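# Results of the structural survey
In case you want the letters, here they are:
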Amino acid sequence: LGLDSVIHHESQLRWLEAERPAAGEPPLRVWLKVDTGMHRLGFMPTAVADARARLCACAGVDPQLVLMTHFANSDVFDDPVSSQQIKRFAALAPDGERSLANSAALLGFPSAHAEWVRVGGLLYGISVVAGRSGADFGFVPLTAAQCGDLDPDARAAAESLKSELFAGQAAPCYTFSPGPRFEAY
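Rules of the game
- Residues numbered from 1 in each chain as written.
- Predicted model: local features only at pLDDT ≥ 70, side-chain atom pairs only at ≥ 80, totals over all residues.
- Heavy atoms only, no water.
- Salt bridge = Lys/Arg side-chain N within 4 Å of Asp/Glu carboxyl O.
- Helix = DSSP H or I, 4+ residues; strand = E, 2+ residues; numbered from the N terminus.
- Buried < 20%, exposed > 50% of the residue type's maximum accessible area, 1.4 Å probe, protein only.
- Pairing = 2+ DSSP bridges.
- Axes fitted to C-alpha atoms, helices over the stretch in contact; angles between N-to-C directions.

## Considerations on the pattern of salt bridges
Across all of its chains, the model carries 7 salt bridges by this definition. Ionic pairing is found between Glu 10 and Arg 14, a salt bridge with its closest N-O pair at 3.6 Å. A residue pair is termed a helical-turn pair when its members lie 3 or 4 positions apart in one helix, as Glu 10 and Arg 14 do in helix H1 (residues 10–18) at 4 residues. Overall, Glu 10 belongs to the partly exposed group, its relative accessible area being 28%. Ionic pairing is found between Arg 54 and Glu 10, a salt bridge with its closest N-O pair at 2.8 Å. Separated by 44 residues along the polypeptide, Arg 54 in helix H2 (residues 48–57) and Glu 10 in helix H1 bring together distant segments of the chain.

## Details of the sheet that holds strand S3 (residues 66–68)
Strand order across the open sheet formed by 5 strands is S1-S2-S3-S4-S5, with parallel pairing between neighbours. The outermost strands of the open sheet, each flanked by one partner alone, are strand S1 (4–7) and strand S5 (116–118). Averaged over all adjacent pairs, the angle separating strand axes in this sheet is 30 degrees, with direction ignored. The pairing of strand S4 (residues 97–102) with S5 spans 2 bridges and is parallel.

Shown next as structure tokens:
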């Protein structure tokens, strides 16, 4: 499939070390996740050099790793935690492919823009900052979703979610449904 994989835990690293790829199988591209301060997933900064070396030694892993992190408070632009995380990450990954910024960090932390950004909610015009919409930052949705008829309870739940996601702004999506009538345009 040509998919990449994020490795954030010792057990995943051991799985890759034990794996013997089939002849002709392309190497797995790996994003090594570093815990710079969110304390949810990722290798601690003191373990990154070892994890990086071990991944590069794996037979089935592309040695051109992407180092990544995730911010604890990227939607709070004046919070010092994200700035501290950026500094910690820069010390670990001065070069090579890196990824720090999600949608909110893309807007609020220019120093977090690296080779890769992980834009999610902004693609749909979703508010990634409390009280503001993507449109407040000049973003418009790339796609919108429209679904067939929903029962009243499902419609009420979808409207509630839409209201929360779009912070009271006009939503580019009507509603969401797991059914086959989902259309993107």
